[in-house]
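A structural walkthrough
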Amino acid sequence: MNDINMTYEEALSHAPNEEPARQYFFIERCQDMLEKLKESSGKEAFTFHIATFGCQMNSRDSEKLQGILEAIGFVETDTEEADFVLYNTCTVRENANDRVYGRLGFLNGLKKKNPHMMIALCGCMMQEEKVVAKIKKSYRFVDIIFGTHNIFKLAELIHERLEAKKMVVDIWEGTDRIVEDLPTERKYPFKSGVNIMFGCNNFCSYCIVPYVRGRERSRNPEDIVEEVRQLAADGVVEIMLLGQNVNSYGTSSENPVSFAELLTRIDQVEGLERIRFMTSHPKDLSDELIEAMKKSKKVCSHLHLPLQSGSSRVLKIMNRKYTRERYLELVEKIKTAMPDISLTTDIIVGFPGETEEDFQETLDVVRKVRFDSAFTFIYSKRTGTPAADMEEISPDVVKNRFDRLLAEVQKISAEVCGRDEHTVQKVLAEEVNDYEKGLLTGRMSNNTTVHFKGDPSLIGKIVDVHLDESKGFYYMGTLA
Ligand code: SF4
C-alpha cells in the first residue's frame, strides 16, 4: 500500500524494510508529492542540477543520484537556478571545503528568490563531523545533508524533507551495506563507470579518504558481472571498473574472488569491447593480474600506477608499503608481459621531510619508467591525516622541485606519446570537438586522445584511424 494521503508516520510504518524495495516506495511517494507541488505552484516542471567535485567515484555516485532524481520526476538543467541543487563534494584538498562554503552563499541568494528550491549536500566532505556542525550552525538554509555510505537513500531523504519541513541530516560513519538495483542515469550512452568496491584500508599518511569513505567493501562478483552484462546489452562498449584500490578487490569478502579473476569473468561479457580500471595500488598488483591483463583482448593497453615518490625513505613515511625497487621491478614485469602498454602515474612533490636526494630518486624513477604522462602535485597538507603534523619544507624549494619534475615528465611524455605516429589504431569516438568544426575526439586503447574528421553518427563506435601527426600529448588523424 502506498497511498499519498497517508500521514508521514503512516508512510514510515508502511515502508518496506528491505532494500531496494524501500527506496522504490519512497520514489513513488516523492513522485506524487512532486505532482502536487507542480499543481499548487503552477510550474510545469521541477528542475535539478548536480555539481560534482573530485574523483571518478563521485562522478559515478552522481549518475546514481541523477537516476533517482529523474525517477522521482525532476528534470535536469545545467544551471544552479534549479529547484533541487545537489553538491556532491570532495574533501581530498583542504581548500576544496572553502570553495563549497563560498558557493553555498551564492545558492542562498537563489533560494531567496525561489521558495521551492531545495539544497542538498553529500559526498566525502559531509563525512567530517566539523563540516556538518558548521553547516547546521551557519548555513541553516541547506535542506538535506548525507554522506558517502547512504547515497541510495536520496528519495527517502527528500520525502522526509518535504514532510518534516526541516533540515534532514543523515550521515553514517560506516556500513557493510551495498544496495544494488536502483535507477541510474549514465552521462555517456556508450561508456560507463562500474563500482566494484568502496572505501580504502590503506591509510597513506597524507590521505583523508579512509577516514571519510570508510573501510574496504567489495561488491559480489556476480552482481558486478550482471551489471556489466546489462550495460553491454544497453550499448555500452567501454567500462571503467572503479575502486580506491581495485587490486585488493575481494580480499575482505567471505568468498574471495581476486581482481584478476573478476577481470577474466568480465572479459567474457558479449558486446563489451574495452575494460579500464582505476586505481591500482602497486603493493597489491599481483602476477596473476598481469597475466589476466596480458591474456585479455578487452583490457585496455593502459595502466595508471601511482608512484607518489621514488624514494623508499619517503614512501615509508607516506605508508605506501612498497619500495622504489619493488615499484621498478613491477614496471619491468608489466612491460615484459605487455611491451606496448602505456603507463601513467601520480607523483607528490615536497612531502614533509623530502630532501634533494629523495627528489633525485623520484626523477630517476621517472627517467627509468618513462611514463606516458604523470599527474604531478605539490604536497598540500590535509588536516586530520598523520602527515598534517609533520614539518613542511620551504615553498620555494618545493616549487623549484615541482618545476624540474614537470619539465622532465613533459620531455619524456612528448617522446613516448608519439610512438604510434603513422600507424592505424582503434579509436573510440567519444564526442564532437568543441574547438574545431567537423572534428571528433576519441581515445585509443592506451588512453591517448585523437582528433579526426568524422560524422557525429560515429560517436560511441570504435573506428580505425590513421595517426597522421603526433602533437605531443595527442594525435591528429584521419579515418582509415
Ligand atoms: S590507497 Fe592511499 S591514497 Fe589511495 S585512497 Fe587509500 S589511503 Fe588514499
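Topic: the overall build of the chain
When you go through the chain residue by residue, the secondary structure sums to 14 helices and 19 strands. Taken along the three principal axes of its C-alpha coordinates, the chain extends 70 × 55 × 50 Å. Contacts spanning at least 24 positions in sequence make up 74% of the contacts within the chain whose residues lie at least 6 apart. In the chain, which carries 63 positive and 77 negative side-chain charges, the distance between the mean positions of the two groups comes to 3 Å.

Some details on the site of the ligand
In the region of the ligand, the neighbouring residues are C200, N202, F203, C204, Y206, C207, V209, P210, Q244, H281 and R320. Residue composition of the shell around the ligand, by class: seven nonpolar, three polar and one charged.

So, the environment of N400
Mapped onto the fold, N400 is located in helix α14 (residues 395-417). Along the primary structure N400 and V349 are separated by 51 residues, whereas in three dimensions their C-alpha atoms are 9.9 Å apart.

Comments concerning the side chain of E238
With respect to the helices and strands, E238 occurs in strand β10 (residues 238-242). A polar contact is formed between the side chain of E238 and the side chain of R276, at a distance of 3.0 Å.

Topic: the sheet that holds strand β12 (residues 302-304)
Strands sit in the order β12-β13-β14 across an open sheet of three strands; the sheet is parallel. One side of each edge strand has no neighbouring strand; the edge strands of this open sheet are β12 and β14 (373-378). Across the sheet, the mean angle from the axis of one strand to that of its neighbour is 15 degrees, orientation sign disregarded. Examined bridge by bridge, β12 and strand β13 (residues 342-349) share three bridges and lie parallel to one another. Across the sheet, residue L303 finds its bridge partner in β13, namely L343.

Thoughts on the sheet that holds strand β6 (residues 168-170)
Read across the sheet, six strands follow the order β2-β1-β3-β4-β5-β6 without closing on themselves; strand pairing throughout is parallel. Bordering the open sheet on either side are β2 (75-76) and β6, each of which pairs with just one other strand. Two elements, strand β1 (residues 47-52) and β2, share two bridges in a ladder whose sense is parallel. From the neighbouring strand, T47 faces β2, where its bridge partner is V75. Strands β1, β3 (84-89) and β4 (118-123) of the sheet are contacted by helix α4 (residues 94-113), whose axis makes an angle of about 175 degrees with β3.

Some thoughts on the side chain of K38
When you line up the elements, K38 lands in helix α2 (residues 21-41). According to the relative accessible area criterion, K38 is buried, its value standing at 18%. Those residues within four positions of K38 in sequence are excluded, and the remaining contacts are K43, E44, A45 and F46.

Looking at the packing of aromatic side chains
Within the structure shown, the criterion is met by 12 aromatic pairs. Relative to F141, the ring of Y139 lies with its centre 6.1 Å away and its plane at 70 degrees, an arrangement referred to as edge-to-face. Here Y139 and F141 have matching classes, each one buried. Considering the side-chain rings of F259 and F277, the 5.1 Å spacing of their centres and the 80 degrees angle between planes classify their relative orientation as edge-to-face. Placement of the pair is F259 in helix α9 (residues 259-267) and F277 in strand β11 (residues 274-278), with a sequence separation of 18 residues. Accessibility expressed as a relative area gives 3% for F259, which makes it buried. An aromatic cluster is defined as three or more aromatic residues linked by ring pairs; in this entry it consists of Y101, Y139 and F141. In this structure, K191 packs its charged tip against the face of Y188, placed 4.8 Å from the ring centre.

Observations regarding the nonpolar core
Counting residues in hydrophobic clusters, the biggest one holds 67 residues, and the most contacted among them are I239, L241, F259, I266 and I334. A total of six residues in this core trace back to one element, the largest contributor, which is α14. The residues touching L241, leaving out its near neighbours within four places in the chain, are V194, I196, V246, F259, L263, I266, I275, R276, F277 and M278.

A look at the environment of R99
Tracing the chain through its elements places R99 in helix α4. Judged by relative accessible area, R99 falls into the exposed class, the value being 53%. For the pair R99 and W172, spaced 73 residues apart in sequence, the C-alpha to C-alpha distance is 24 Å.

Some remarks on α14
Every α-helix carries 3.6 residues per turn, so stepping three or four residues along brings you back to the same face. Here α14 spans 31 Å end to end across 23 residues, near enough to the 33 Å set by a 1.5 Å rise per residue. Buried residues in α14 make contact with β13, α13 (356-369), β14 and β19 (474-479).

Some remarks on the state of the cysteines
In the structure shown here, the tally under the stated rule is zero disulfides. Between C30, a free cysteine, and C122, which holds the nearest cysteine sulfur, the sulfur-to-sulfur gap is 16 Å.

Digging into the packing of α9 against helix α10 (residues 287-295)
Where α9 contacts α10, the axes come no closer than 8 Å and their chain directions differ by 15 degrees. In terms of axis orientation, α9 runs roughly parallel to α10. As for how α9 packs across α10, the hand of that crossing is left-handed. Contact residues: F259, A260, E261, L263 and T264 in α9; E288, L289, A292 and M293 in α10. Class assignment of the residues belonging to the contact of α9 with α10 gives a composition of six nonpolar, one polar and two charged.

Remarks on the pattern of salt bridges
This model, assessed by the stated rule, comprises 38 salt bridges. With its nearest N and O atoms 3.5 Å apart, the salt bridge here joins E238 to R274. With a gap of 36 residues between them, E238 in strand β10 and R274 in strand β11 connect regions that are remote in the sequence. In this structure E238 comes out as buried when scored by relative accessible area, which is 6%. By sharing partners, the salt bridges in this structure join R60, E63, R219 and E227 into a single network.

About the cut-offs
Residues numbered from 1 in each chain as written. Predicted model: local features only at pLDDT ≥ 70, side-chain atom pairs only at ≥ 80, totals over all residues. Heavy atoms only, no water. Helix = DSSP H or I, 4+ residues; strand = E, 2+ residues; numbered from the N terminus. Contact = heavy atoms within 4.5 Å. Lys, Arg positive; Asp, Glu negative; His and termini not counted. Charge placed at Lys NZ, Arg CZ, Asp CG, Glu CD. Near = heavy atom within 4 Å. Nonpolar A, V, L, I, M, F, W, Y, C, P; charged D, E, K, R; others polar. Polar contact = N/O pair within 3.5 Å; in protein donor to acceptor, adjacent residues only side chain to side chain. Pairing = 2+ DSSP bridges. Axes fitted to C-alpha atoms, helices over the stretch in contact; angles between N-to-C directions. Buried < 20%, exposed > 50% of the residue type's maximum accessible area, 1.4 Å probe, protein only. Phe/Tyr/Trp six-rings, centres within 6.5 Å; stacked < 30°, edge-to-face > 60°. Lys NZ or Arg CZ within 6 Å of the ring centre and 35° of its normal. Core = buried A, V, L, I, M, F, W, Y, C linked by side-chain atoms within 4.5 Å. Expected span 1.5 Å × (residues − 1). Disulfide = S-S within 2.5 Å. Parallel < 35°, antiparallel > 145°, perpendicular 65-115°, else oblique. Left-handed = near helix turned anticlockwise from the far one by under 90°. Salt bridge = Lys/Arg side-chain N within 4 Å of Asp/Glu carboxyl O.

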